[in-house]
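Descriptive structure summary
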Amino acid sequence: MFEKRCAGCHTVRGTRSAGVQAPDLTHVLSRRLIAAGTVANSPESLMQWVQHVQEIKPGALMPDMKLSPAEAGDLSAYLATLR
Ligand code: HEC
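Residues numbered from 1 in each chain as written. Predicted model: local features only at pLDDT ≥ 70, side-chain atom pairs only at ≥ 80, totals over all residues. Heavy atoms only, no water.

**A word on the pattern of salt bridges**
The tally for this structure, following the rule as stated, stands at three salt bridges. Between glutamate 3 and arginine 16 there is a salt bridge whose closest N-O contact spans 2.7 Å. Of this pair, glutamate 3 sits in helix H1 (residues 2–5) while arginine 16 sits in the loop between H1 and strand S1 (33–34), and the two are 13 residues apart along the sequence. Glutamate 3 sits in the partly exposed class, given a relative accessible area of 39%. With its nearest N and O atoms 2.9 Å apart, the salt bridge here joins arginine 5 to glutamate 71. Residue arginine 5 is located in helix H1, and its partner glutamate 71 is located in helix H3 (residues 69–79); the two are separated by 66 residues in the primary sequence. In this structure arginine 5 comes out as partly exposed when scored by relative accessible area, which is 28%. (Salt bridge = Lys/Arg side-chain N within 4 Å of Asp/Glu carboxyl O. Helix = DSSP H or I, 4+ residues; strand = E, 2+ residues; numbered from the N terminus. Buried < 20%, exposed > 50% of the residue type's maximum accessible area, 1.4 Å probe, protein only.)

Here it is as structure tokens:
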């Protein structure tokens, strides 16, 4: 799911996800804040970010991803592994 929807822009080192136009997410959960310091970092807030990015940070270069509930479930499990 991540490779299909997110990897065009984001890298996770050690996987085939190798996008270059957005922050590297390899250890995203090890950082305290994301989105240039505007969002506290937890699996829940990462999901809020991914689904409502344009409300959280209007004008951000990441589009709202409009995930289906199934995709959101997959993604939330995946993001929790990026420590
Ligand atoms: C069109 C390119 C693009 C796509 C597709 C995209 N992103 Fe992003 N993403 C960005 C950009 C650019 C930023 C930095 C935004 C900012 O801070 O203004 C970002 C930021 C993020 C952040 C915060 C990272 C940080 O260090 O602040 C997370 C988490 C994230 N994206 C996850 C995802 C996930 C998960 C997907 C797939 C569902 C996804 N992105 C799809 C471009 C993209």
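**Concerning H3**
Inspection of H3 places Glu71, Ala72, Leu75 and Leu79 among the buried residues, and these make up the whole buried set. On an axial view of H3, the arc spanned by its buried residues comes to 100°, and they lie on one face. Among the exposed residues of H3, those oriented more than 90 degrees off its buried face are Pro69, Ala70 and Ala77. If you follow the buried residues of H3, they end up packed against H1 and helix H2 (43–56). (Arc of directions from axis to C-beta. Contact = heavy atoms within 4.5 Å.)

**Structural notes on the coordination of the iron atom of the ligand**
Around the iron atom of the ligand, the protein supplies His10 (NE2) and Met62 (SD) as donor atoms, at distances of 1.9 to 2.1 Å. For the iron atom of the ligand, the six donor atoms in the first shell make angles of 85 to 179° at the metal, a pattern classed as octahedral. Here histidine 10, found in the loop between H1 and S1, pairs with methionine 62, found in the loop between H2 and H3; they are 52 residues apart in sequence, far enough to count as distant. The exposure classification of histidine 10 matches that of methionine 62, with both residues buried. (Donors = N, O, S within 2.8 Å, 3.2 Å for Na, K, Ca; no water. Tetrahedral: all angles 85-135°; square planar, octahedral: opposite > 155°, others 65-115°.)

**Quick look at the packing of H2 against H3**
Contact geometry of H2 with H3 gives a least axis separation of 10 Å together with a crossing angle of 135°. When the axis of H2 is compared with that of H3, the two are oblique. You can see that H2 and H3 cross each other, and the crossing is right-handed. Contact with H2, carried on its side by Leu46, Met47, Val50 and Gln51, involves Ala72, Leu75, Ser76 and Leu79 of H3 and no other residues of that element. Of the residues belonging to the contact of H2 with H3, the class tally is six nonpolar, two polar and no charged. (Axes fitted to C-alpha atoms, helices over the stretch in contact; angles between N-to-C directions. Parallel < 35°, antiparallel > 145°, perpendicular 65-115°, else oblique. Left-handed = near helix turned anticlockwise from the far one by under 90°. Nonpolar A, V, L, I, M, F, W, Y, C, P; charged D, E, K, R; others polar.)

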